[in-house]
Amino acid sequence: MVVGGDSPRPDHREDVVIVVTGASGLLGREIVERLAERLPAARIGVSVRDPEKARGLAERGIRVRRGDFADTASLAHAFEGASQVLIVSIDGIGETAVRAHRAAIDAAGTAGAKRILYTSHMGVNPSSPFPPMADHAATEAALRDSGMIFTALRNGFYASTTGLLLRAALATGELAVPEDGPVSWTAHADLAEAAAVILAEEPFDGPSPALTGSQAIDMNGVAALASELTGRTIRRVVVSDADYRASLAGHGVPEPAADMLVGMFAASRQGEFAQVDPALSGLIGRPPTSLRDVLKATLASTG
């Protein structure tokens, strides 16, 4: 087997219909798993920076090729033969992220893909205080400018974020974060399933409706859920943006990451993540996973 060249089957271009980038990451890997429930492995390809991390997919007959958004030649090879390319947004912000996404859009067009899909966000907004939202807006603009058929998946805010925010609170008993607003927290698994459905069964043009959980919950609600699930009182405490930034810096959080977290709370209190939409439930055919269930699993895994 040659992982990073192709999976061990005859390489016929017409075999590969859908290529998913970032398939060794949390969301990308889950999308591929759900897609494999709907399509033969021979019709799925993945683009990853390190093919060794996707060896298990290759062993199942899924085409694995190296694809790096900073290496145009690698993308041409990774996207070869694709009719659809799903670009999973990179873990980065600013011009670096937008440049990478544009490179993937251009490569998908050059490879002859008929549709590009992109994992955007429900809060997409060029003037948002939460930096990734401007990056998503710029990427959606690049998709429109490409002249290609595209789908922007406007995903809800990842529910897993609440587990990260609760780490200190579980030790101190206080969820000390800035003033916030309700957020329609959404499970990775639900978003992955919706993406697979759209790729395999229900493509549509342009931005999707907001793909969200069924309830918008603020930090008071997160603290209440954590208290219920742990049997310990977790008190929600409001701190200023400046004090929160200083606290993050004191714990070694780099300045760009601290600014992003502060921006997240600023955007939430402006209502940027509060929308609740039934579209996700309709796509996956069941109610979205609740934040309570996400937190229950997270807390159980962390002991």
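I will try to describe carefully the structure that is included in this document. (Residues numbered from 1 in each chain as written. Predicted model: local features only at pLDDT ≥ 70, side-chain atom pairs only at ≥ 80, totals over all residues. Heavy atoms only, no water.)

## Focus: the side chain of Thr151
For Thr151, the position within the fold is in strand β6 (residues 149-155). Only 2.3 Å separates the side chain of Thr151 from the backbone oxygen of Phe204, close enough to count as a polar contact. If we ignore the near neighbours within four places in the chain, the residues touching Thr151 are Arg115, Ile116, Leu117, Tyr118, Phe204, Asp205 and Gly206. (Helix = DSSP H or I, 4+ residues; strand = E, 2+ residues; numbered from the N terminus. Polar contact = N/O pair within 3.5 Å; in protein donor to acceptor, adjacent residues only side chain to side chain. Contact = heavy atoms within 4.5 Å.)

## Describing the side chain of Thr119
Looking at the element boundaries, Thr119 is found in strand β5 (residues 115-121). A distance of 2.8 Å separates the side chain of Thr119 from the backbone nitrogen of Ser89, its partner in a polar contact. What Thr119 contacts, discounting residues up to four positions off in sequence, is Leu27, Leu86, Ile87, Val88, Ser89, His136, Leu153 and Asn155.

## Regarding the packing of helix α1 (residues 26-36) against helix α8 (residues 188-200)
The N-to-C vectors of α1 and α8 enclose an angle of 50°; their axes lie 8 Å apart at closest approach. The angle between α1 and α8 falls in the class oblique. Like other packed secondary-structure pairs, α1 and α8 cross with a definite hand, here right-handed. Taken together, the residues of α8 that come into contact with α1 (itself represented by Leu26, Leu27, Glu30, Ile31, Arg34 and Leu35) are His188, Ala189, Leu191, Ala192, Glu193, Ala195, Ala196, Leu199 and Ala200. (Axes fitted to C-alpha atoms, helices over the stretch in contact; angles between N-to-C directions. Parallel < 35°, antiparallel > 145°, perpendicular 65-115°, else oblique. Left-handed = near helix turned anticlockwise from the far one by under 90°.)

## Focus on the packing of aromatic side chains
Per the stated rule, a full pass over the model turns up 5 aromatic pairs. Each ring, one from Phe130 and one from Phe157, has its centre 5.7 Å from the other, and the planes form 25°; the classification is stacked. One end of the pair, Phe130, is in the loop between β5 and α5 (131-146); the other, Phe157, is in the loop between β6 and α6 (160-165), and 27 residues separate them in sequence. Note on Phe130: relative accessible area 7%, which makes it buried. (Phe/Tyr/Trp six-rings, centres within 6.5 Å; stacked < 30°, edge-to-face > 60°. Buried < 20%, exposed > 50% of the residue type's maximum accessible area, 1.4 Å probe, protein only.)

## Section: empty space enclosed by the protein
Counted by the stated rule, this structure contains 1 cavity of 30 Å³ or more. In this model, the largest cavity occupies a volume close to 50 Å³. Around the largest cavity, the lining residues are Leu165, Asp180, Gly181, Val183, Trp185, Met219, Met264, Phe265 and Ser268. Sort the elements by how many residues they give to the lining of the largest cavity and helix α11 (residues 255-269) lands first, with 3 residues. (1 Å grid on protein atoms, 1.4 Å probe; cavity = no way out; pocket = protein on both sides within 12 Å on 5 of 7 lines; lining within 4 Å. Points joined across faces, edges and corners; volume = space filled by probe spheres on them.)

## Considerations on the nonpolar core
In this structure, Val20, Ile31, Val32, Leu35, Val46, Leu57 and Leu86 are the most contacted members of the largest nonpolar core, which totals 34 residues. Of the residues forming this core, the biggest block, 8 residues, is contributed by α8. Not counting chain neighbours up to four residues away, the residues in contact with Leu57 comprise Ala23, Arg29, Val32, Glu33, Val46, Ile62 and Val64. By size, the runner-up hydrophobic cluster in this structure holds 32 residues, among which are Leu165, Val183, Met219 and Phe265. (Core = buried A, V, L, I, M, F, W, Y, C linked by side-chain atoms within 4.5 Å.)

## Comments concerning helix α9 (residues 219-230)
An α-helical turn contains 3.6 residues, so any two residues separated by three or four positions project in the same direction. With 12 residues, α9 ought to run about 16 Å at 1.5 Å a step, and its terminal C-alpha atoms sit 16 Å apart, in line with that. Of the residues making up α9, those classed as buried are Met219, Gly221, Val222, Ala223, Leu225, Ala226 and Ser227. Residues of α9 that are buried sit in contact with α6, β7 (174-177), β9 (235-238), α11 and α13 (291-301). Its side-chain oxygen at 3.2 Å from the backbone nitrogen of Asn220, Asp218 defines the N-terminal cap of α9. Residue Gly231 follows α9 closely and has a positive phi angle near 75°. (Expected span 1.5 Å × (residues − 1).)

## Structural notes on the sheet that holds β6
Pairing is parallel in the open sheet, where 7 strands are placed in the order β3-β2-β1-β4-β5-β6-β8. If you trace the sheet from one side to the other, it starts and ends with β3 (63-66) and β8 (206-207), each paired once. In terms of strand pairing, β5 meets β6 through 7 bridges, oriented parallel. When the sheet's bridge partners are listed, Arg115 is paired in β6 with Ile149. Packed on one face of the sheet, α1 meets β1 (18-21), β2 (44-48), β4 (84-87), β5 and β6 and runs near 155° to β1. (Pairing = 2+ DSSP bridges.)

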